[in-house]
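Understanding the architecture of this molecule
Listed below are the residues making up each chain.
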Amino acid sequence: MVITYNVNDALAVHRFNENLMISVSIRNDEEWQRMKTSGLPFNRMVAFTGTRLSPKGLYETLHTENIPTILGTLGNLDKLAAAQGDSKTYTRFLDLGIDILATDRPLEAGAITKKY
């Protein structure tokens, strides 16, 4: 998977190799609309939804199109999990529809995703 930060870079990566999965930033409905109309095939997208929680509706919309979602828990959300309890916090993220956690705490987050 190649990480990109804007529509033009995502399209350039896709033109370079149509078989690559591409991480694209989709943190809100505006970014979703821009990516949706870009011409990039949905089956090549993995949506990075940022380092803050988005509304559950965004995750549901992306899942309707079979686009997996990534939440960056590194930083504040990982600190929240450490303070409030890994199971409670990471499970809440997964319940929202997060498919992949980008974390600074891979062992702790991995233990929860393994049980999920």
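Quick note: structure is the one above.
How each quantity is defined
- Note that residues are indexed from 1 along each chain, following the sequence as it is written.
- For a predicted model such as this one, the threshold for reporting local features is a pLDDT of at least 70, and the threshold for listing and counting side-chain atom pairs is 80 or more; totals across whole chains, interfaces and linings nevertheless cover every residue.
- The basis for the side-chain values is all heavy atoms of the structure; hydrogens and waters are excluded.
- Strands pair, by our definition, only if DSSP identifies at least two bridges between them.
- Secondary structure follows DSSP: runs of H or I at least 4 residues long count as helices, runs of E at least 2 residues long count as strands, and numbering of each begins at the N terminus.
- Note on ring pairs: Phe, Tyr and Trp rings are taken, using the six-membered ring of Trp, and paired if centres are within 6.5 Å. Classes follow the plane angle, with under 30 degrees stacked, over 60 edge-to-face and the rest tilted.
- In this scheme, a residue with accessible area under 20% of its type's maximum is buried, one over 50% is exposed, and one in between is partly exposed, where area comes from a 1.4 Å probe on protein chains only.

Some remarks on the sheet that holds strand β3 (residues 45-48)
- The strand order across the open sheet formed by five strands is β1-β2-β3-β4-β5, and the pairing between neighbours is parallel. In the strand order of this sheet, the two ends are held by β1 (2-3) and β5 (100-102), each with one partner.
- Across four bridges, strand β2 (residues 22-25) lies against β3 in parallel orientation. Residue pairing across strands places Val24 opposite Ala47, the latter belonging to β3.

Quick notes on the packing of aromatic side chains
- All chains considered together, the criterion is met by two aromatic pairs.
- Plain terms: the ring middles of Trp32 and Phe42 are 5.4 Å apart, the flat faces sit at 45° to each other, and that makes the pair tilted. Here Phe42 lies in the loop between α2 (29-36) and β3 and Trp32 lies in helix α2, a separation of 10 residues in the sequence.
- Classification of Trp32 by relative accessible area gives buried; the value is 3%.
- With centroids separated by 6.1 Å and ring planes inclined at 75°, the aromatic side chains of Tyr90 and Phe93 adopt a geometry described as edge-to-face. Placement of both Tyr90 and Phe93 in helix α5 (residues 86-96) is noted, with a separation of three residues, approximately one turn of the helix.
- For Phe93, a relative accessible area of 0% corresponds to the buried category.

Function cannot be inferred from these measures alone, as they are strictly geometric.
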